[in-house]
Structures are given as structure tokens and as C-alpha cells.
Amino acid sequence: TGSGGLLRPVVLVGMMGSGKTAIGRALATRLGCGFVDSDAAIEEAADCSIAEIFARDGEAFFRARESEVLSRLLDAGPRVISTGGGAYLAPQNRALVADRGAALWLDADLDLLWERVRHKSTRPLLRTADPRATLARLLDERRDIYEQAELRLTAQAGDSIDRTTDRVIAL
Ligand code: S3P
């Protein structure tokens, strides 16, 4: 796969359930460039799941691995990179992305995010007594940060992956 005409990596950021992985993969296929998911890269390097890393080594350890992986992925040429929902929060990660790539925020409202994550148990941060309230709090805390992304696409409830990818390309 080539660069798909991209001059810099495109880095998808946003909340859990915003569609970063699904849209990222579809976008890369459409552009004819490579695709990589930072969570998957972390799991591969650690040879265990994100949930296991959180449980065994804690969130701070995960965040350190996440920064390393992001930096490495940004250095490997133009392609589409999807990230975990917390990857854009650390100022040094945002600076890296701004310097070497273009951040695209996949914005979505709480109802849509919750619909997408409610049936999955893979996300350690949502293993709380009231995961919907946790998701709402994270969205509140993070919105202003995601807003710093160069590009923003607001997901619409009925939109297919194809339709959303069309809108990303138009952007
Ligand atoms: C996280 C999001 C997850 C994963 C980890 C932490 C977050 O990725 O990186 O569970 O802080 O929002 P997704 O956004 O792909 O679910």
C-alpha cells in the first residue's frame, strides 16, 4: 500500500464508540493507503489485551506505551492511524500529532456513543457501576481537548460507514 495521496498521516481521535477504527479502515481502503490502529499495535507489542494491560500494569503504564506507539506510528509515513479514545489527551501526544500528522476528531453525541459501546465489555474504563454516566463524564472532560483537532466530523445517527467515509473525504 502507498500513501494514497496523503502528505501526512491522518490521525483519528475521539471517544470510545465514535467509530475511529471502522471509519479509519474504510478511509484507508478508499484512499488506497495503509491503516493502523494504535490500540491493536499496543496489544501486539505487549502480546496481551488492553484490558489485561490496565488490570496488570495500570492506566499510567498503558498511557506510556500509548505515547511510544503513537510516536512510532507517526514516523512510518503517511497513512491512516486510528487511536484509542485517550491518546489525544496528553499534551505531548497532541503536539506530536500536530507536528507530524493531521488530527481528525470523530465527534458523536452521548446517545450514539452509548449505543455503540453498551454491549461490549472490552473497555476497562467503562467497567463501573454506571458505565453510561462514566461515558458522559469522559465526554464532558474531553470535548474541549478533542476540539483542538485540525478537522472535525460530526457523526450522524443513521449514517453508514460508507456514507461517513464519503463525508471524511469531502472534508
Ligand atoms: C480508552 C479508549 C480505548 C482504549 C482504552 C482507553 C480511553 O480505545 O484505548 O480502553 O481512554 O478512552 P477506543 O477508543 O478504541 O475504545
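- The protein chain carries the name Shikimate kinase in an unreviewed UniProt entry, which gives Limimaricola litoreus as its organism.
- The annotation that UniProt attaches to the protein chain under Catalytic activity (unreviewed entry) is "shikimate + ATP = 3-phosphoshikimate + ADP + H(+)".

### Re the site of the ligand
Point 1. If you check the shell around the ligand, you find M16, K20, D39, I50, G84, G85, G86, R123, P124 and L125 and nothing else.
Point 2. Within the shell around the ligand, the residues separate by chemical class into four nonpolar, three polar and three charged.

### Points about the sheet that holds strand 4 (residues 102–107)
Point 1. Read across the sheet, five strands follow the order 2-3-1-4-5 without closing on themselves; strand pairing throughout is parallel. The open sheet is flanked by strand 2 (35–37) and strand 5 (151–154), the only strands paired with a single partner. The sheet shows a mean angle of 20 degrees between the axes of neighbouring strands, direction not considered.
Point 2. Strand direction decides the pairing type here: strand 2 and strand 3 (residues 80–82), joined by three bridges, are parallel.

### Looking at the UniProt feature "binding site: ATP" (unreviewed entry) in the protein chain
Point 1. Following the UniProt record, one finds the feature "binding site: ATP" (unreviewed entry) at G17, S18, G19, K20, T21, A22 and R123.
Point 2. Assignment of secondary structure puts A22 in helix 1 (residues 20–31).
Point 3. Tracing the chain through its elements places R123 in the loop between helix 6 (110–117) and helix 7 (131–146).
Point 4. Among residues more than four places away in sequence, those in contact with R123 are M16 and V117.

### Quick notes on the UniProt feature "binding site: Mg(2+)" (unreviewed entry) in the protein chain
Point 1. Per the UniProt entry, the sites bearing "binding site: Mg(2+)" (unreviewed entry) are T21 in this numbering.
Point 2. Assignment of secondary structure puts T21 in helix 1.
Point 3. With 17 C-beta atoms counted inside 10 Å, the residue T21 sits in the partly exposed group.
Point 4. Leaving out residues up to four positions away in the same chain, T21 has contacts with D37 and S82.

Cut-off values and rules
- Residues numbered from 1 in each chain as written.
- Predicted model: local features only at pLDDT ≥ 70, side-chain atom pairs only at ≥ 80, totals over all residues.
- UniProt positions renumbered as here; feature names shortened; annotations may be inferred.
- Near = placed C-beta within 6 Å.
- Nonpolar A, V, L, I, M, F, W, Y, C, P; charged D, E, K, R; others polar.
- Pairing = 2+ DSSP bridges.
- Helix = DSSP H or I, 4+ residues; strand = E, 2+ residues; numbered from the N terminus.
- Axes fitted to C-alpha atoms, helices over the stretch in contact; angles between N-to-C directions.
- Contact = placed C-beta atoms within 7 Å.
- Buried ≥ 20, exposed ≤ 12 C-beta atoms within 10 Å, placed from the backbone.

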